[in-house]
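Here's the letter readout for the chains.
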Amino acid sequence: MTTHSEKRVLAHRPEQLFELVADVQRYPEFLPWCVAARVRSKTEEMLIADLIIGFQMFRESFTSYVKMDRDTLSIEVEYAEGPFKYLTNKWQFIEHPDGCVIDFYVDFEFKSRLLQTVIESLFTEAVKRMVRAFETRANSLYNAQISAPQSPNKQSPIKQSPSSLARPQGSR
């Protein structure tokens, strides 16, 4: 079992960050190791997506159900098929005086012991890079549109512990 939980304040509106995370098809444009993303079906509340993750000699694809609740500004990802025994991923976007608190949680385990061992050895750094990638993407998309007040402490991690994610079609 590999888990990561983190809260972080970003100087963007919760709705902007919700839309960024919900835009799964664009993940290959900015997420490390995300080779491709395909949305199989999409409604206002849910989408079914395939992601291909590549790292060195490993390349794995998986399918997830992504539940999007715009009223509560939360996103829950449930594993459907692929190389995992299980995968759960949750995002909550909460209004904050400096913008938005992102509350992020992921828990997963691969079926393959080899893959699980490799991932666990790189996990902490991989999660840091992934979270940074979302933050950098938000800054590049929304800095001109920031409506939340800027504080000197632009990003402030609130808590941390040990996580995973995925890039758009044809970007490689």
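Please refer to the structure placed before this passage.
Counting restarts for each chain, with residues numbered from 1 along the sequence as it is written. Where local features are concerned, this predicted model is filtered to residues with pLDDT of at least 70; where side-chain atom pairs are given and counted, the filter is 80 or more; whole-chain, interface and lining totals use all residues. The side-chain figures draw on all heavy atoms in the structure; neither hydrogens nor water molecules are used.

Participant: Which residues make up the packing of aromatic side chains, and what values go with them?
Facilitator: Aromatic ring pairs are described here by two measures, namely the spacing of the ring centres and the angle between the planes. Pairing of aromatic side chains requires ring centres within 6.5 Å, counting the rings of Phe and Tyr and the six-membered ring of Trp. Pairs whose planes differ by under 30 degrees are stacked, by over 60 edge-to-face, and all others tilted. Taken as a whole, this structure holds 12 aromatic pairs when the rule is applied. Ring centres of Tyr-27 and Phe-134 lie 5.5 Å apart, and the angle between their planes is 90°; this geometry places the pair in the edge-to-face category. Here Tyr-27 is found in the loop between α1 (14-22) and β2 (34-42), whereas its partner Phe-134 is found in helix α2 (residues 113-142), with 107 residues between them in sequence. We call a residue buried when its accessible area falls under 20% of the maximum for its residue type, exposed when it is over 50%, and partly exposed in between, using a 1.4 Å probe and counting protein chains only. A relative accessible area of 6% means that Phe-134 is categorised as buried. Relative to Phe-104, the ring of Trp-91 has its centre 4.5 Å away and its plane inclined at 55°; by these criteria the two rings are tilted. The numbering of helices and of strands both runs from the N terminus, where a helix is a DSSP run of H or I of at least 4 residues and a strand a run of E of at least 2.

Participant: A description of the packing of α1 against α2 should follow, citing residues and the corresponding values.
Facilitator: Convention adopted: a line fitted to C-alpha atoms gives each axis, helices being fitted over their contacting stretch, and angles between N-to-C directions are expressed from 0 to 180 degrees. Direction vectors running N to C along α1 and α2 enclose 120°, while the axes themselves pass 11 Å from each other. Taken together, α1 and α2 sit at an angle that is classed as oblique. Crossing geometry of α1 relative to α2 is assigned as right-handed. Contact residues: α1 offers Gln-16, Leu-17, Glu-19, Leu-20 and Val-21, while α2 offers Phe-134, Arg-137, Ala-138, Leu-141 and Tyr-142. For the contact of α1 with α2, the class distribution of residues is seven nonpolar, one polar and two charged. Convention used here: angles under 35 degrees read as roughly parallel, angles over 145 as roughly antiparallel, angles from 65 to 115 as roughly perpendicular, and any remaining angle as oblique. If you view the pair so one helix is near and one far, a crossing is left-handed when the near helix is turned anticlockwise from the far one by less than a right angle, and right-handed when it is turned clockwise. Here a residue-residue contact requires only that any non-hydrogen atoms of the pair lie within 4.5 Å. Under the grouping applied here, Gly and all other residues not named as nonpolar or charged are polar, the nonpolar ones being Ala, Val, Leu, Ile, Met, Phe, Trp, Tyr, Cys and Pro and the charged ones Asp, Glu, Lys and Arg.

Participant: Before we move on, could you go through the environment of Glu-6 and cite the residues and values that matter?
Facilitator: Structurally, Glu-6 is set in strand β1 (residues 2-10). A polar contact of 2.9 Å, which involves the side chain of Glu-6, links it to the side chain of His-4. A 3.5 Å cut-off defines polar contacts: any pair of N or O atoms within that distance qualifies, except that in protein one atom must be a possible hydrogen donor and the other a possible acceptor, and neighbouring residues in sequence count only when both atoms are side-chain atoms.

Participant: Break down a negative patch on the surface for me, citing the residues and quoting the values.
Facilitator: A cluster of acidic side chains, namely Glu-45, Asp-69, Asp-71 and Glu-76, defines a negative patch on the protein surface. With respect to the secondary-structure elements, Asp-71 resides in the loop between β4 (58-69) and β5 (74-81). The patches reported here contain residues having more than 30% relative accessible area and no salt bridge. Joining distances are 9 Å for like charges and 5 Å for nonpolar side chains (Val, Leu, Ile, Met, Phe, Trp, Tyr). Only the protein chains shown count as covering a residue, and every accessible area follows the Shrake-Rupley method with a 1.4 Å probe. Here, a salt bridge means any Lys or Arg side-chain nitrogen found within 4 Å of an Asp or Glu carboxyl oxygen. Charge assignment: positive for Lys and Arg, negative for Asp and Glu; neither His nor the chain ends contribute. Where a charge lies is defined by one atom per residue type: Lys uses NZ, Arg uses CZ, Asp uses CG and Glu uses CD.

Participant: Which residues make up unusual backbone geometry, and what values do they have?
Facilitator: Located in the positive-phi region is Trp-33, a residue other than glycine, with phi close to 70°. In this structure, Trp-33 sits in the loop between α1 and β2. Non-glycine residue Leu-73 carries a positive phi angle of around 50°.

Participant: Let's hear about α1: which residues, and what values?
Facilitator: Summarising burial for α1: seven of the nine residues are buried, a large majority. Pro-14, Gln-16, Leu-17, Phe-18, Leu-20, Val-21 and Ala-22 are the residues of α1 that are buried.

Participant: Requested: an account of the nonpolar core, with residues and values cited.
Facilitator: With 42 residues, the main nonpolar core has Tyr-27, Ile-75, Phe-93 and Phe-134 as its most contacted residues. Contributing elements (two or more residues each) for this core: α1, β2, β3 (46-55), β4, β5, β6 (84-96), β7 (99-110) and α2. The element contributing the most residues to this core is α2, with nine residues. What makes a nonpolar core is a set of buried Ala, Val, Leu, Ile, Met, Phe, Trp, Tyr and Cys residues whose side-chain atoms join them at distances within 4.5 Å.

Participant: Residues and numbers for α2, please.
Facilitator: Helical geometry note: an α-helix holds 3.6 residues per turn, so side chains three or four residues apart project in the same direction. Helix length check: α2 (30 residues) gives 40 Å between terminal C-alpha atoms against 44 Å at 1.5 Å per residue, within 8%. Its side-chain oxygen 3.3 Å from the backbone nitrogen of Leu-114, Ser-112 forms the N-cap of α2. What a helix is expected to span follows from its residue count: subtract one and scale by 1.5 Å.

Participant: Which residues make up the pattern of salt bridges, and what values go with them?
Facilitator: Applying the stated criterion across every chain, the model contains 13 salt bridges. A salt bridge links Lys-7 to Asp-103, with the nearest nitrogen and oxygen atoms 4.0 Å apart. Here Asp-103 lies in strand β7 and Lys-7 lies in strand β1, a separation of 96 residues in the sequence. A relative accessible area of 27% means that Lys-7 is categorised as partly exposed. Classification of Asp-103 by relative accessible area gives partly exposed; the value is 21%. Measuring nitrogen to oxygen at the nearest pair gives 2.7 Å for the salt bridge that ties Arg-137 to Glu-29. Of the two residues, Arg-137 is situated in helix α2 and Glu-29 in the loop between α1 and β2; the sequence distance between them amounts to 108 residues. Given the relative accessible area of 36%, Glu-29 is considered partly exposed.

Function cannot be inferred from these measures alone, as they are strictly geometric.
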